[in-house]
Amino acid sequence: MAMDLDALLEIEEKVADKEVEKAYRQKASSSELFHQHSQALEVLTDAAAGAAYDKVRKAKKQAAERTQKLDEKRKKVKARDQTGFPAAGGTAEADPGADTPGA
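Each value, and the rule that gives it
Residues numbered from 1 in each chain as written. Predicted model: local features only at pLDDT ≥ 70, side-chain atom pairs only at ≥ 80, totals over all residues. Heavy atoms only, no water. Salt bridge = Lys/Arg side-chain N within 4 Å of Asp/Glu carboxyl O. Helix = DSSP H or I, 4+ residues; strand = E, 2+ residues; numbered from the N terminus. Buried < 20%, exposed > 50% of the residue type's maximum accessible area, 1.4 Å probe, protein only. Polar contact = N/O pair within 3.5 Å; in protein donor to acceptor, adjacent residues only side chain to side chain. Contact = heavy atoms within 4.5 Å. Axes fitted to C-alpha atoms, helices over the stretch in contact; angles between N-to-C directions. Parallel < 35°, antiparallel > 145°, perpendicular 65-115°, else oblique. Nonpolar A, V, L, I, M, F, W, Y, C, P; charged D, E, K, R; others polar. Core = buried A, V, L, I, M, F, W, Y, C linked by side-chain atoms within 4.5 Å.

Another aspect to go through is the pattern of salt bridges. Under the counting rule described, the total for this entry stands at five salt bridges. Its salt-bridge partner being D4, residue R57 comes within 3.9 Å of it at the nearest N-O pair. With a gap of 53 residues between them, R57 in helix α4 (residues 47-82) and D4 in the segment before α1 (5-9) connect regions that are remote in the sequence. Relative accessible area serves as the criterion here: at 39%, D4 is assigned to the partly exposed category. Ionic pairing is found between R57 and D54, a salt bridge with its closest N-O pair at 2.5 Å. In this pair, R57 and D54 are both assigned in helix α4, three residues apart and thus about one turn of the helix distant. Accessibility expressed as a relative area gives 19% for R57, which makes it buried. Assessed through its relative accessible area of 23%, D54 is described here as partly exposed. Each of D4, D6, K14, D54 and R57 takes part in one network of salt bridges that share partners.

As a further point, take the side chain of R57. A distance of 2.4 Å separates the side chain of R57 from the side chain of D6, its partner in a polar contact. Those residues in contact with R57 that sit more than four places away from it in its chain are D4, D6 and E13.

Moving on to the packing of helix α2 (residues 17-29) against helix α3 (residues 34-45). The N-to-C vectors of α2 and α3 enclose an angle of 175°; their axes lie 10 Å apart at closest approach. Between α2 and α3, the crossing angle belongs to the class labelled roughly antiparallel. Along the contact surface, α2 presents D17, V20, E21, Y24, K27 and A28, while α3 presents F34, H37, S38, L41, L44 and T45. Of the residues in the contact of α2 with α3, the class split is six nonpolar, three polar and three charged.

Next up on the list: the nonpolar core. Core analysis: the biggest nonpolar cluster contains 13 residues, and L5, L9, I11, V20 and L44 have the highest contact counts within it. Those elements that provide at least two residues to this core are α1, α2 and α3.

Looking now at the packing of α3 against α4. Relative orientation of the contacting elements α3 and α4 amounts to 100°, with a least axis distance of 5 Å. One way to sum up the angle between α3 and α4 is to call them roughly perpendicular. Residues V43, L44 and T45 of α3 touch α4, and the partners they reach there are A47, A49, G50 and Y53. Among the residues forming the contact of α3 with α4, the class breakdown is five nonpolar, two polar and no charged.

This is the structure in structure tokens:
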């Protein structure tokens, strides 16, 4: 499921079923998103579906954190490369004719 069900109902994670149902009734009665709210209620009040949803949400969060860490590393490498330092595994080569006498 691509949407954040807790945010859709504007509730905290791991709230009691009664709170989920209360939020659902408030949102469904005043919203054009009745179908999405119905899905949120169904998933969040079913133990197995809720556990599966939590597992997917946790995996997405971990993936986002990995991506952020990799992006930070890429930025550091890019910044280092722009300052004139050689890239990882490379060597800085001097101009071969620069130290030749009489040149």
